[in-house]
Amino acid sequence: MTENPTASQAIIDRYLADRLNEAERDMVETRIVHDADFRNEIELTKALRDGLRQLQAQGEVETLLKSRAPIWKHAPMAIAAATLVCAIGVATFLVYRPVDDGRQALATETLRFMKTRSGDARPDVVWQQSSQPTRIDLRFDVGLEPAAEYQVVIDRVSDGATAPAHEVLAGRTDEGEVSIVVDSALLVPGDYRIRLVPQSPDGVHGATSYSMHVTE
Amino acid sequence: MEGRTPLTVERSPGSVSDVTVEQLRSGVLFLLRNQVREPALAEDLCNEAFRIVLERLGRQPLEDPTKLAAYLTQTVRNLLTADRRKAVRRRTVTGEQAAIDEFPDAESDPTASLQSQLRARAVRQVLQEMPTIRDRQLLVRYYLNDEDMAEICADLGLTEEYFYKVLHRARRRFKLLLDKRYSRTDLR
């Protein structure tokens, strides 16, 4: 029997929070006795809960819910980096302001790509080209454990042959997605294959492919 | 039950092998250590549970071997209930002292205190590495405040899928930190 890990974890969470009825608790405790993997999951979740309680007892939880601590651990570096970013920002603004004035007005459209189901011939996303120039934010759900960085390769597919259309390096967003923004002029009507190649040396993450169809 | 070999102590196959007993013993001890404070009492109750179950199997085989864990678990529950009743009967202190005795002093066990510190350190790192404050709130509200998943999702504007994605990542990271930095015994 293949068990849904989310359902299994949910029942562990409810067991540790003492939210199960008697029959459910009996079932969980019987499983604790004979299933070592299940026991390990309980042990891990219990340790996580204990760790949180200890942090609360030390008065750290409130602070952690307010700040993003790590960068300020290296205050001099952070201040230097912030100053550099500000300087680059101001310089870029002064130099490119006349050019950017027109681009500011561009509308942005977001297209979300979920993992393709194998055997499904339909494109993951179908997008109708807009008559006005648009910036397109392509967002990819890369699963539960995304790599820190991906090479995003967009190929145009025509009559079985592929031609490179765009290639860029992208990090993941706060939401755990990979996002790139492209100009709509890049995506002329036709079929596209988009590959996300993880840039991690661990070998854990594999490349993921998505498909897109652009209509007129 | 047709097709299943009745479970007995002596005969093989179908008897309770050493491996089975050892695996089940780990499970029973885990269950007991989460329910009673003293490790020695947990050991005693575990031994007693196995004595009762093995004696019963010696007299009368279990028709359905898959029910052994359930039978053992029920025996443990009965023993725990009996032990708690016995403890109440034997109690000589009452009132305020009884209330104080209910709460063990965590500082009195240096090993437990150290384990607690190690876990806290790992959790702190997990929280610090979370990309958004909202994800941290999710973890704290769910595991520390025991709030309901649906309520947290509604409050923070999250989908159930995203909720479990964040929890899954946090648990994986926490496990990695513990496995990397500390030996597995630190967890226990």
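Residues numbered from 1 in each chain as written. Chains lettered and ligands numbered in written order. Predicted model: local features only at pLDDT ≥ 70, side-chain atom pairs only at ≥ 80, totals over all residues.

(A) Region of the structure containing the packing of helix α6 (residues 133-144) of chain B against helix α7 (residues 149-156) of chain B. Residue and element names in this part refer to chain B. Look at α6 against α7: their axes get within 10 Å of each other, and the N-to-C directions meet at 155°. Put simply, α6 runs roughly antiparallel to α7. α7 is crossed by α6, and the crossing has right-handed handedness. Together, R134, Q137, L138, R141 and Y142 of α6 and M149, I152 and L156 of α7 make up the contact between the two elements. Split by residue class, the contact of α6 with α7 holds 5 nonpolar, 1 polar and 2 charged. (Axes fitted to C-alpha atoms, helices over the stretch in contact; angles between N-to-C directions. Helix = DSSP H or I, 4+ residues; strand = E, 2+ residues; numbered from the N terminus. Parallel < 35°, antiparallel > 145°, perpendicular 65-115°, else oblique. Left-handed = near helix turned anticlockwise from the far one by under 90°. Contact = placed C-beta atoms within 7 Å. Nonpolar A, V, L, I, M, F, W, Y, C, P; charged D, E, K, R; others polar.)

(B) Spatial organisation of helix α2 (residues 39-59) of chain B. Residue and element names in this part refer to chain B. Here α2 spans 31 Å end to end across 21 residues, near enough to the 30 Å set by a 1.5 Å rise per residue. Three or more residues of α2 are buried, namely L45, C46, A49 and V53. Down the axis of α2, the sector holding all buried residues measures 105°, keeping them to one side. Set apart from the buried face of α2 by more than 90 degrees, the exposed residues are A40, R51, E55, G58 and R59. (Expected span 1.5 Å × (residues − 1). Buried ≥ 20, exposed ≤ 12 C-beta atoms within 10 Å, placed from the backbone. Arc of directions from axis to C-beta.)

(C) A look at the sheet that holds strand β6 (residues 177-183) of chain A. Residues and elements named next belong to chain A. Strand order in the open sheet formed by 3 strands is β1-β3-β6, and the pairing between neighbours is mixed. Edge strands, defined here as strands with exactly one partner in the open sheet, are β1 (107-113) and β6. Here the average twist between neighbouring strands, direction ignored, is 20°. Inspection of the sheet shows β1 paired to strand β3 (residues 134-141) by 7 bridges, in the parallel sense. Bridging from a neighbouring strand, R112 pairs with R139 of β3. (Pairing = 2+ DSSP bridges.)

(D) Region of interest: the interface of chain A and chain B. Chain A puts 33 residues into the contact, and the matching count from chain B is 39 residues. If you tally residues by element for the side of chain A that touches chain B, the top one is helix α3 (residues 36-57) of chain A, at 15 residues. Considered class by class, the residues forming the side of chain A that touches chain B number 15 nonpolar, 9 polar and 9 charged.

(E) Local environment of helix α2 (residues 22-34) of chain A. Its 13 residues place the ends of α2(A) 19 Å apart at the C-alpha level, agreeing with the 18 Å of an ideal helix rising 1.5 Å per residue. Those residues of α2(A) lying buried are E29(A), T30(A), R31(A), I32(A), V33(A) and H34(A).

(F) Summary view of the packing of α3(A) against helix α5 (residues 110-129) of chain B. Packing of α3(A) against α5(B) brings their axes to within 7 Å, and their N-to-C directions diverge by 90°. When the axes of α3(A) and α5(B) are compared, the pair comes out roughly perpendicular. The segment α3(A) lies against α5(B), with A47(A), L48(A), D50(A), G51(A), L52(A), Q54(A) and L55(A) engaging S116(B), Q117(B), R119(B), A120(B), A122(B), V123(B) and R124(B). When its residues are assigned to classes, the contact of α3(A) with α5(B) shows 7 nonpolar, 4 polar and 3 charged.

(G) Representation of the confidence of the model for chain B within the structure. Residue and element names in this part refer to chain B. When pLDDT is averaged along chain B, the result is 79, and 76% of the positions lie at 70 or above. For chain B, the element scoring lowest by mean pLDDT is helix α4 (residues 95-101), at 60; α7 scores highest, at 92. A low-confidence stretch, residues 9-14 stays under pLDDT 50, and its non-local contacts, those more than four residues away or across chains, total 12 contacts. Counted against residues more than four places away or in other chains, residues 184-188, with its pLDDT under 50, gives 6 contacts. Complex prediction metrics read pTM 0.57 and ipTM 0.76. (pLDDT = per-residue confidence, 0-100.)

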